[in-house]
Amino acid sequence: MRAARVLALLVVGSLACTPSAQRARGEIDRARIEHARTLDVARRAPLAYEQFEAAQRAALQHAPESAARADSLAEARLWLETGIVEAERAQLSERRLQEERSLIESDTKLSALLQERESWAREADLQAARAIARSEAQRALVRAAEQRSVLRVKLPREDAKQAAEALWLRAELIALTLESIGKSGAGLLPLRAKLAEVDALLVRDPDGALLRADQALFMALGLAGELRGQGTEPSAEEQATLGEELAAAGVHAVRNDVGLSGVLEHAFADYALAPVAERVIERLCVLANAHTRGPVRIGVHAKSDAQAEARSRWVKLRFAKAGCEGQRFTVVFSRLDGDTLDTTWLSY
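Residues numbered from 1 in each chain as written. Predicted model: local features only at pLDDT ≥ 70, side-chain atom pairs only at ≥ 80, totals over all residues. Heavy atoms only, no water.

Draft legend 1. The overall build of the protein, seen in detail. Each helix and strand counted, the protein has 11 helices and 7 strands in total. Counting the 348 residues in the protein, one finds 37% classified as buried. Intrachain contacts of the protein at a sequence separation of at least 6 include 75% that bridge at least 24 residues. (Helix = DSSP H or I, 4+ residues; strand = E, 2+ residues; numbered from the N terminus. Buried < 20%, exposed > 50% of the residue type's maximum accessible area, 1.4 Å probe, protein only. Contact = heavy atoms within 4.5 Å.)

Dropping the structure here:
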């Protein structure tokens, strides 16, 4: 109704003009009023719209063909145009603000996508590094730790350095993983110290670095094992992990009717343990303390009762010295030819 009255006043105010001019002015006023309504001038330019209405009311107080009425209508048209200009400017500002908000939202989404992509890329790189380190560590252990003879063969300097680096890398990856999930405490500090020793000895003493890298790896494996669940039965992933770690420890991982075994051949020299067995038993004990589900059976092969008793005594002492003793660990012997020692996780 208000727009209709304004249109009527503006058209009436145009009567003093020629008929054609009046028709043209009426069309212009009608179009401008409709445009103002579309722009919502009353909301976007309230001051100009109030002045427009005031001029409109003033025009109604004068005679239809008076000069005062024409002046009031002219003032109304001016305020209407002013309101339209302000409303158009406000509309442009609103659109610009909306576009800026849209751009900010798009930038935020893009940043989140980039961060997610970087996270996936880092995870992929870490998985690849772990796979490479595991493969290198297993090959290095075959050369450096799983010696079939009683005496350990000294590796060439460059081979010892490469083996130490492979073992150090795998232990470092495990340490980084533990730190990333908030693992800390007394166990991680000695591991970090051992890794620092390896790093310091790599160039000047590769053999010393290899020995310490081997120790660091199995310290790291022990710490990682502590994070596993405490359910009664190991998962398929835990069983697979133990099999891989047994192979890395220098024994053959064999699944049999009673569980998962780590079999070491040439473990004895007559009645006593061979030096290679003493080193491997330390690693097996680390794995036993990491994979804590169920009992562990330690089997000794011997030709006679006397030999079996002597070998069993040596094995018990060596496992106890490495930290594996108590009701969970049982040593049994079999009257079989050979110098084999097998350690079996019965729940796996």
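After that view of the structure, there is still more to cover.
Draft legend 2. Spotlight on the pairing of strand β5 (residues 296-302). Of all 7 residues in β5, 6 are buried, a share of seventy percent or more. Pairing analysis gives 5 bridges linking β5 to strand β7 (residues 341-345), with the strands arranged antiparallel. For Arg297, the partnering residue across the bridge sits in β7 and is Thr344. (Pairing = 2+ DSSP bridges.)

Draft legend 3. View of the side chain of Arg283. Here Arg283 is to be found in helix α10 (residues 275-290). Within the structure, Arg283 has its side chain in polar contact with the backbone oxygen of Ala249 (distance 3.2 Å). (Polar contact = N/O pair within 3.5 Å; in protein donor to acceptor, adjacent residues only side chain to side chain.)

Draft legend 4. Layout of the packing of aromatic side chains. According to the stated counting rule, one finds 1 aromatic pair in the structure shown. Summarising the aromatic geometry, the rings of Tyr49 and Phe52 are spaced 5.8 Å apart at their centres and angled 45° between planes, so their arrangement reads as tilted. Of this pair, Tyr49 and Phe52 are both found in helix α4 (residues 46-60), 3 residues apart, which corresponds to roughly one turn of the helix. With respect to class, Tyr49 is no different from Phe52; both count as buried. (Phe/Tyr/Trp six-rings, centres within 6.5 Å; stacked < 30°, edge-to-face > 60°.)

Draft legend 5. Summary view of the state of the cysteines. One pass over the structure, following the stated rule, counts 1 disulfide. In this model, Cys285 is linked to Cys324 through a disulfide, with the two sulfur atoms separated by 2.0 Å. Linking Cys285 and Cys324, the disulfide has an S-S dihedral of approximately 110° and is accordingly described as right-handed. You can see Cys285 sitting in helix α10 and its partner Cys324 sitting in the loop between α11 (305-322) and β6 (329-335), a full 39 residues away along the chain. Judged on exposure class, the residue Cys285 and its partner Cys324 are both buried. (Disulfide = S-S within 2.5 Å.)

Draft legend 6. Representation of α4. With 15 residues, α4 should reach 21 Å at 1.5 Å per residue; the first-to-last C-alpha distance of 21 Å fits that figure. Looking only at α4, the buried set comprises Ala48, Tyr49, Phe52, Glu53, Ala55, Gln56 and Ala59. Projection of α4 onto a plane perpendicular to its axis shows the buried side chains occupying an angular sector of 160°, all on one side. (Expected span 1.5 Å × (residues − 1). Arc of directions from axis to C-beta.)

Draft legend 7. Spotlight on the side chain of His301. Its location among the elements puts His301 in strand β5. Not counting residues up to four positions away in its chain, the partners in contact with His301 are Phe268, Arg311, Ser334, Leu336, Gly338, Thr340 and Asp342.

Draft legend 8. Inspection of the packing of α10 against α11 at higher detail. For the pair α10 and α11, the least separation of the axes is 9 Å and the interaxial angle reads 50°. The angle between the axes of α10 and α11 places the two elements in the oblique class. As for the relative orientation of α10 and α11, their crossing is right-handed in sense. Residue-level contacts link Glu278, Ile281, Glu282, Leu284 and Cys285 of α10 to Arg318, Phe319 and Ala322 of α11. A breakdown of the residues in the contact of α10 with α11 according to their chemical character gives 5 nonpolar, no polar and 3 charged. (Axes fitted to C-alpha atoms, helices over the stretch in contact; angles between N-to-C directions. Parallel < 35°, antiparallel > 145°, perpendicular 65-115°, else oblique. Left-handed = near helix turned anticlockwise from the far one by under 90°. Nonpolar A, V, L, I, M, F, W, Y, C, P; charged D, E, K, R; others polar.)

Draft legend 9. Molecular detail of α10. Here α10 contains 16 residues, and its C-alpha end-to-end distance of 24 Å stays within 8% of the 22 Å for a straight helix at 1.5 Å per residue. The set of residues buried in α10 consists of Val276, Ala277, Val280, Ile281, Arg283, Leu284, Cys285, Leu287, Ala288 and Ala290.

Draft legend 10. Molecular detail of the pairing of β7. Counting buried positions over the 5 residues of β7 gives 5, a clear majority of the element. The alternating pattern of β7 places Leu341, Thr343 and Trp345 and Asp342 and Thr344 on opposite faces, both of which are buried.

Draft legend 11. Up close: the environment of Ala249. Looking at where Ala249 falls in the secondary structure, it is placed in the loop between α9 (236-248) and β1 (252-255). A relative accessible area of 0% means that Ala249 is categorised as buried. As a C-alpha pair, Ala249 and Ile281 span 32 residues in sequence and 9.1 Å in three-dimensional space.

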